[in-house]
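Here are the chains, one letter per residue:
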Amino acid sequence: MPKNKGKGGKNRKRGKNEAEDEKRELVFKEDGQEYAQVLRMLGNGRCEALCIDGTKRLCHIRGKMHKKVWIASGDIILVGLRDYQDDKADVILKYQPDEARLLKAYGELPENVRLNEGIAGGMDEEEDGGGDDYIEFEDEDIDRI
């Protein structure tokens, strides 16, 4: 058995995401950047995103964000456009859901962009419909059994 010569294993690396709860300043797009919504994750640090200008681009997640910021389909991201490849871009920043709502309120995102707001609301609707599974027996039915 080799001796442990490092400062800890994967559990030590896992606990470094402490700054997630803090409020950060809202970052707006600059020249050469665009807002996009993730369509699907492709693996290998890449995703397919639909930019606000209507172009579907293959986006590469930069190394600073890789395995630290988790991106899922439907998330709003800020991408850096490439001068030499129009169909590819680099993910610069992932917006939290409340930041995405602020961008939509400021008019940075168009009204037709659907944010992932309805996930929790959909669960409540299923609970209301789930009441049909409850069967009520009469005392007479229980006596027959």
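It should be noted that the structure appears before, not after, this text.
Below you will find a few notes about this structure. Counting restarts for each chain, with residues numbered from 1 along the sequence as it is written. The predicted origin of the model limits local features to residues at a pLDDT of at least 70 and limits the giving and counting of side-chain atom pairs to 80 or more, whereas totals for whole chains, interfaces and linings rest on all residues. Hydrogen atoms and water are omitted, and side-chain values are computed over all heavy atoms in the structure.

Focus on the overall build of the protein
Right, so step 1: Counting from the N terminus, the helices are the DSSP runs of H or I reaching at least four residues and the strands are the DSSP runs of E reaching at least two. In terms of regular secondary structure, the protein is built from four helices and five strands.
Right, so step 2: Its helices and strands taken in sequence order, the protein reads α-β-β-β-β-β-α-α-α from the N to the C terminus.
Right, so step 3: For each residue, the accessible area found with a 1.4 Å probe, counting protein chains only, is set against the maximum for its type, and the residue is called buried under 20%, exposed over 50%, and partly exposed in between. Residues classed as buried in the protein amount to 25% of the 145 residues present.
Right, so step 4: For the protein, the share of sequence-separated contacts (at least 6 apart) that also reach a separation of at least 24 residues comes to 52%. Should any heavy atoms of two residues lie within 4.5 Å, those residues are counted as being in contact.

Some details on the packing of aromatic side chains
Right, so step 1: Aromatic rings from Phe, Tyr and Trp, with only the six-membered ring used for Trp, were paired whenever their centres fell within 6.5 Å, and each pair was classed as stacked if the ring planes differed by under 30 degrees, edge-to-face if by over 60, and tilted otherwise. The tally for this structure, following the rule as stated, stands at two aromatic pairs.
Right, so step 2: Between the aromatic rings of Phe28 and Tyr106, the centroid separation amounts to 6.0 Å while the plane-to-plane angle is 55 degrees, which identifies the pairing as tilted. Here Tyr106 lies in helix H2 (residues 97-106) and Phe28 lies in the loop between helix H1 (10-14) and strand S1 (33-43), a separation of 78 residues in the sequence.
Right, so step 3: Between Tyr35 and Tyr95 the ring centres are 6.0 Å apart and the planes differ by 50 degrees, which places this aromatic pair in the tilted class.

Here we look at the nonpolar core
Right, so step 1: Among the buried residues, those of types Ala, Val, Leu, Ile, Met, Phe, Trp, Tyr and Cys that are joined through side-chain atoms within 4.5 Å form a nonpolar core. Counting 13 residues, the largest nonpolar core has Ala36, Cys59, Ile71, Ile77, Val79 and Val91 as its most contacted members.
Right, so step 2: Counting residues per element, this core draws most heavily on strand S2 (residues 46-51), at three residues.
Right, so step 3: In contact with Ala36, not counting residues within four places along its chain, are Ala49, Leu50, Cys51, Ile52, Asp75, Ile76, Ile77 and Val79.
Right, so step 4: Grouped together as the second largest cluster of nonpolar side chains are eleven residues, Leu78, Leu93, Ala100 and Leu103 included.

Overview of the side chain of Arg82
Right, so step 1: One can find Arg82 in the loop between strand S4 (76-81) and strand S5 (88-94).
Right, so step 2: One polar contact links Arg82 to Gln85, side chain to side chain, over a distance of 2.7 Å.
Right, so step 3: Contacts described as polar in this section are N or O atom pairs within 3.5 Å, which, within protein, must combine one atom able to donate a hydrogen with one able to accept it, while residues neighboring in sequence count only if both atoms come from side chains. Within the structure, Arg82 has its side chain in polar contact with the side chain of Asp90 (distance 2.8 Å).
Right, so step 4: The contacts of Arg82, once residues within four sequence positions are left out, are His60, Lys88, Ala89 and Asp90.

Quick word on a nonpolar patch on the surface
Right, so step 1: Here the term patch refers to residues with relative accessible area over 30% and no salt bridge, with like charges joined within 9 Å and nonpolar side chains (Val, Leu, Ile, Met, Phe, Trp, Tyr) within 5 Å. For accessible areas, the Shrake-Rupley method is used with a probe of radius 1.4 Å. Any residue's cover is judged against the shown protein chains and nothing else. Should a side-chain nitrogen of Lys or Arg be within 4 Å of a carboxyl oxygen of Asp or Glu, the pair is scored as a salt bridge. Taken together, the side chains of Phe28, Leu102 and Tyr106 define a hydrophobic patch exposed on the protein surface, amounting to about 300 Å² of accessible area.
Right, so step 2: Look at Tyr106 and you get exposed, because its relative accessible area is 54%.

Regarding the state of the cysteines
Right, so step 1: A pair of cysteine sulfur atoms is labelled a disulfide when the two atoms are within 2.5 Å. Per the counting criterion, the structure on display carries zero disulfides.
Right, so step 2: In this structure Cys47 is not part of a disulfide, and its nearest cysteine sulfur, from Cys59, lies 4.7 Å away.
Right, so step 3: The exposure class assigned to Cys47 is buried, which follows from its relative accessible area of 0%.

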